[in-house]
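Below are the chains, spelled out letter by letter.
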Amino acid sequence: MRIIFHIDVNSAYLSWTAVEQLKNGAKVDIRTIPAIIGGDQKSRHGIVLAKSIPAKKYGIRTGEPVANAFRKCPNLKSYPPDHQMYREYSRRLMDFLRTYTTHIEQVSVDECYMDFTEIADRFTSPVEGANEIKDEVYKRFGFTVNVGYLPEKFWQRWHPTLKNRIKCTRCSRKKFR
């Protein structure tokens, strides 16, 4: 049976912006306050591209107009996107994941599938491997990822438990019947 991991960065744009700000001396981690990435802060135009967990508690959603987000949370902090930086963080992450196996299928700037099958014998279980990857990403880069696994990658995108934060989840075929 094949073991396919689905690896997804948690709120990638916001996480990567936070890591970069902290490296440059920021006193506050924007992941811990109501904050968004997106739009134009002065004109409050555009859409929310990413949000912090505290912003989510105000009902702010990815894709909604920035003006609506500010109505929900007047003390919201907004930061412009930096797509060049995001591409660089994405490249670093994928390069790191390829140190485990070259069988990586990147599907967006912040997520990929990894065929773990050929390296599974290095670990006592897929969960141990998934946890190592999750922990190493945080230790090396300062942001978190979710790692889910199934024998078929199609189902990983649709299983609701994979939406949980910083988790390693295994789903059986029985859960889908």
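These numbers were taken from a predicted model, which means no experiment stands behind them.

Structurally, Thr17 can be placed in helix 1 (residues 12-23). Given a relative accessible area of 7%, Thr17 falls into the buried group. Residues within four places of Thr17 in sequence aside, it is in contact with Ile30, Ile37, Met85 and Tyr86.

Summed over the entire model, instances satisfying the criterion amount to 11 salt bridges. With a shortest N-O distance of 3.5 Å, Glu20 and Lys23 are connected by a salt bridge. Highlighted residues: Glu20 and Lys23, both in helix 1, separated by three residues, approximately one helical turn. Judged by relative accessible area, Lys23 falls into the exposed class, the value being 53%. Through salt bridges with shared partners, a single network forms among Glu88, Arg91, Arg92, Asp95 and Arg98.

Turning our attention to the sheet that holds strand 2 (residues 35-37). Pairing is mixed in the open sheet, where three strands are placed in the order 3-2-4. Edge positions in the open sheet fall to strand 3 (50-51) and strand 4 (77-79), since each of these has one partner strand only. In the sheet, strand 2 pairs with strand 3 via two bridges, with the strands oriented antiparallel. Within strand 3, the position partnered with Ile37 by the bridge is Ala50.

Glancing now at helix 1. Under the 1.5 Å per step criterion, the end-to-end length of helix 1 is 16 Å for 12 residues, consistent within 8% with the ideal 16 Å. Among the residues of helix 1, Ala12, Tyr13, Leu14, Ser15, Trp16, Thr17, Ala18 and Val19 are the ones counted as buried. Buried positions along helix 1 lie against strand 1 (4-9), strand 2, strand 3, helix 4 (83-97) and helix 5 (126-141). Of the residues one or two after helix 1, Gly25 is the one with positive phi, at around 95°.

Cut-off values and rules
- Residues numbered from 1 in each chain as written.
- Predicted model: local features only at pLDDT ≥ 70, side-chain atom pairs only at ≥ 80, totals over all residues.
- Heavy atoms only, no water.
- Helix = DSSP H or I, 4+ residues; strand = E, 2+ residues; numbered from the N terminus.
- Buried < 20%, exposed > 50% of the residue type's maximum accessible area, 1.4 Å probe, protein only.
- Contact = heavy atoms within 4.5 Å.
- Salt bridge = Lys/Arg side-chain N within 4 Å of Asp/Glu carboxyl O.
- Pairing = 2+ DSSP bridges.
- Expected span 1.5 Å × (residues − 1).

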